[in-house]
Amino acid sequence: MSPTIPLKNSQFNLDISGVAGFFGGDVAVTAMATVHIYQGRKWLGWYNSPGSYEIAKRYGQLGRSRFWDGLYPGINVDPAVLFELDGMPGPKYRGVQSGTIIAQTGHLAHLLLQECKDTSRHHPILRVPQSRRTTPIAVTVVELHHTPDAVQYPRLFRNATSPLASLPIMASLATCVACLVYHDWYCFSMILLGMISSGVSCYVIGTGQFTFTHPKHANGAPSGDGVLIAEDKIVVLKGAEGAVTPITRGRFSLKFTSEPEYHNIGVCSMLLTAQFLAQLLLVPQGEIFGQIMFLCSLAVSWAYNSYLSSLDRESFQRRILIDQVLREPARRKYEFGTRTAMAVFVLLVLSPADAEALRKILDDLLPNETKVWRVWKKVVVEKVCSSKHTVDAPRDLRTSLFDYQATHDLEKSDLDLLHTLYGDARAAFDQYYDRSFDASVKV
């Protein structure tokens with residue numbers, strides 16, 4: 001004799017089947033991105049996850065054939081973009097030796113920029129003493145000493161929180177067994193189907209090989225020294241062309257054996273779609289107790305997915321870039337009181353270089369083109385390129401860095417501005433001289 005199912009005589013019906021296919025889809029897709037960060041995560045998806053329809057729709061757009069495009073219309077996306085391993089725009093890059101100009105770099109340059117932005121949270125920032133302060137701006141100098149291989153497979157992180165995956169798995173299993181015990185075959189089968197479809201999808205997505213690639217540089221290529229220019233962040237790159245290219249042209253990607261059609265991912269999308277339709281039709285046929293069990297399994301799974309989606313996946317990507325790809329490059333961060341002082345310091349760090357190349361970088365950093373600014377830029381570039389004003393120059397020569405007597409046919413107001421800008425430039429020179437600039441000091 002089978003036990004009496006709780007709430008058997010209740011007339012209340014939750015009717016949650018439609019909501020189950022949509023609710024939590026974005027969270028589930030975001031949580032799935034962790035399979036490419038944590039070791040063994042692809043084996044931990046065996047629970048009844050909500051949002052099956054949304055997940056199927058997003059995965060289905062990875063398929064690249066007429067069949068999959070017909071089932072799941074929309075723009076085909078790259079797996080790395082879907083799982084946020086690629087796709088973020090990076091800052092402008094200009095090479096001082098190679099003359100390379102990239103108006104918008106890619107995801108890895110964005111990661112490096114964010115890493116340099118957060119450097120001051122854990123390490124001291126050198127604030128340059130300066131009499132004038134307008135809008136402070138920081139510049140980070142990165143010394144790239146390692147040339148990565150053209151193709152590299154970064155190691156995944158060990159996840160200390162993997163045991164948490166047992167919670168949604170056990171919850172789905174327990175609710176499934178409860179429905180079995182009370183002979184609610186509809187809800188039992190739907191929870192079981194949800195566990196199977198989620199587990200299979202997690203495994204298939206997890207078979208993608210996390211890969212770093214970058215184009216090989218030409219033999220005899222000049223130094224890759226250059227600057228990444230964002231609105232409020234400046235990063236100076238120092239190193240060989242092969243060490244700089246991974247940042248400006250490299251990318252993270254996912255390599256599947258089913259490329260380029262991604263048939264296995266398409267099959268997973270069909271399975272998830274079938275799950276959604278089956279739940280839509282069959283869950284309302286179950287008992288109120290079974291529907292509550294179904295809802296409980298979704299609630300625990302949604303909470304776990306929300307936890308996974310809350311993890312800062314970008315910080316993990318930054319650790320992979322810095323530790324495994326670039327091999328912990330040396331960094332030093334400076335904060336200047338004015339943008340003009342920062343720009344002069346950048347030129348000094350990039351020198352010696354062609355005067356015209358330095359002038360173009362100065363124009364990128366300071367696009368002002370009035371007469372007084374043109375005079376100031378011309379003088380600054382001359383001083384940066386002059387052998388009299390190198391680090392090894394005698395200190396007594398540095399006192400005559402700028403000629404305050406020359407008028408350059410400027411009005412008095414413009415001349416006052418020129419002298420003010422000379423003061424900013426002098427602060428940059430003093431920083432470069434007196435602190436004995438050394439980018440090899442790691443921060």
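Residues numbered from 1 in each chain as written. Predicted model: local features only at pLDDT ≥ 70, side-chain atom pairs only at ≥ 80, totals over all residues. Heavy atoms only, no water.

Draft legend 1. Structural detail: the overall build of the protein chain. Summing up its helical and strand segments, the protein chain has 18 helices and 10 strands in all. Here the protein chain holds 443 residues, and 52% of them are scored as buried. In the form shown here, the protein chain has an accessible surface area of approximately 20200 Å², with 56% of it arising from carbon and sulfur atoms. (Helix = DSSP H or I, 4+ residues; strand = E, 2+ residues; numbered from the N terminus. Buried < 20%, exposed > 50% of the residue type's maximum accessible area, 1.4 Å probe, protein only. Areas by Shrake-Rupley, 256 points an atom, 1.4 Å probe, with all protein chains shown as cover.)

Draft legend 2. Examining helix H11 (residues 263-282) more closely. Taking 1.5 Å of rise per residue, the 20 residues of H11 would be expected to cover 28 Å, and the 28 Å separating its terminal C-alpha atoms lies within 8% of that figure. For H11, every residue scored as buried is listed here: Ile-265, Gly-266, Cys-268, Ser-269, Leu-272, Thr-273, Gln-275, Phe-276, Ala-278 and Gln-279. (Expected span 1.5 Å × (residues − 1).)

Draft legend 3. Expanded view of the pairing of strand S4 (residues 137-144). Where burial is concerned, most of S4 is hidden: seven out of the eight residues are buried. As defined by bridge partners, S4 adjoins strand S10 (residues 330-336) across seven bridges and the pair is classed as antiparallel. Note on S10: the bridge partner recorded for Ala-138 is Glu-335. Note: S4 against strand S8 (residues 233-239), seven bridges, orientation parallel. When the bridges of S8 are listed, Val-139 appears paired with Ile-234. (Pairing = 2+ DSSP bridges.)

Draft legend 4. Here's a closer look at the nonpolar core. If you look at the biggest cluster of nonpolar residues, it comprises 60 residues, and the most contacted ones within it are Tyr-59, Leu-112, Leu-237 and Phe-252. If one sorts the elements of this core by residue count, helix H6 (residues 107-117) sits on top with six residues. Other than its neighbours up to four places away in sequence, Leu-237 contacts Tyr-93, Leu-112, Val-142, Leu-144, Gly-224, Asp-225, Gly-226, Leu-228, Val-244, Ile-247 and Leu-350. By size, the runner-up hydrophobic cluster in this structure holds 48 residues, among which are Phe-336, Met-342, Val-349 and Tyr-422. (Core = buried A, V, L, I, M, F, W, Y, C linked by side-chain atoms within 4.5 Å. Contact = heavy atoms within 4.5 Å.)

Draft legend 5. Region of the structure containing the sheet that holds strand S6 (residues 209-213). With respect to topology, three strands assemble into an open sheet ordered S5-S6-S9, the strand pairing being antiparallel. Sheet topology places strand S5 (151-152) and strand S9 (251-255) at the edges, where each strand pairs with a single neighbour. By the bridge criterion, two bridges tie S5 to S6 in an arrangement that is antiparallel. In the strand pairing of S6, Gln-152 is matched with Phe-212. Along the sheet, helix H13 (residues 313-325) makes contact with S5, S6 and S9, crossing S9 at roughly 105 degrees. (Axes fitted to C-alpha atoms, helices over the stretch in contact; angles between N-to-C directions.)

Draft legend 6. Focus on the environment of Thr-407. Secondary-structure assignment places Thr-407 in the loop between helix H17 (395-398) and helix H18 (412-434). What makes Thr-407 partly exposed here is its relative accessible area of 42%. Expressed as a C-alpha distance, the spacing of Thr-407 and Leu-418, which sit 11 residues apart in the sequence, is 9.4 Å.

Draft legend 7. Highlighting the packing of helix H15 (residues 355-365) against helix H16 (residues 371-385). In contact at an axis separation of 10 Å, H15 and H16 are set at 135 degrees when each is read in the N-to-C sense. Considering their axes alone, H15 and H16 lie oblique with respect to each other. The interaxial crossing formed by H15 with H16 has right-handed handedness. Contacts between H15 and H16 involve Ala-355, Leu-358, Arg-359, Leu-362 and Asp-363 from the former and Arg-374, Trp-376, Lys-377, Lys-378, Val-381, Val-384 and Cys-385 from the latter. Across the contact of H15 with H16, the residue classes break down as seven nonpolar, no polar and five charged. (Parallel < 35°, antiparallel > 145°, perpendicular 65-115°, else oblique. Left-handed = near helix turned anticlockwise from the far one by under 90°. Nonpolar A, V, L, I, M, F, W, Y, C, P; charged D, E, K, R; others polar.)

Draft legend 8. Geometry of the sheet that holds strand S2 (residues 101-102). Judged by pairing direction, the sheet is mixed, and its seven strands sit side by side in the order S2-S1-S7-S8-S4-S10-S3 without closing on themselves. Looking along the sheet, the strands with just one partner apiece sit at the ends: S2 and strand S3 (126-127). Its contacts with the sheet place helix H14 (residues 339-350) against S4, strand S7 (226-229), S8 and S10, and it is angled at close to 10 degrees to S8.

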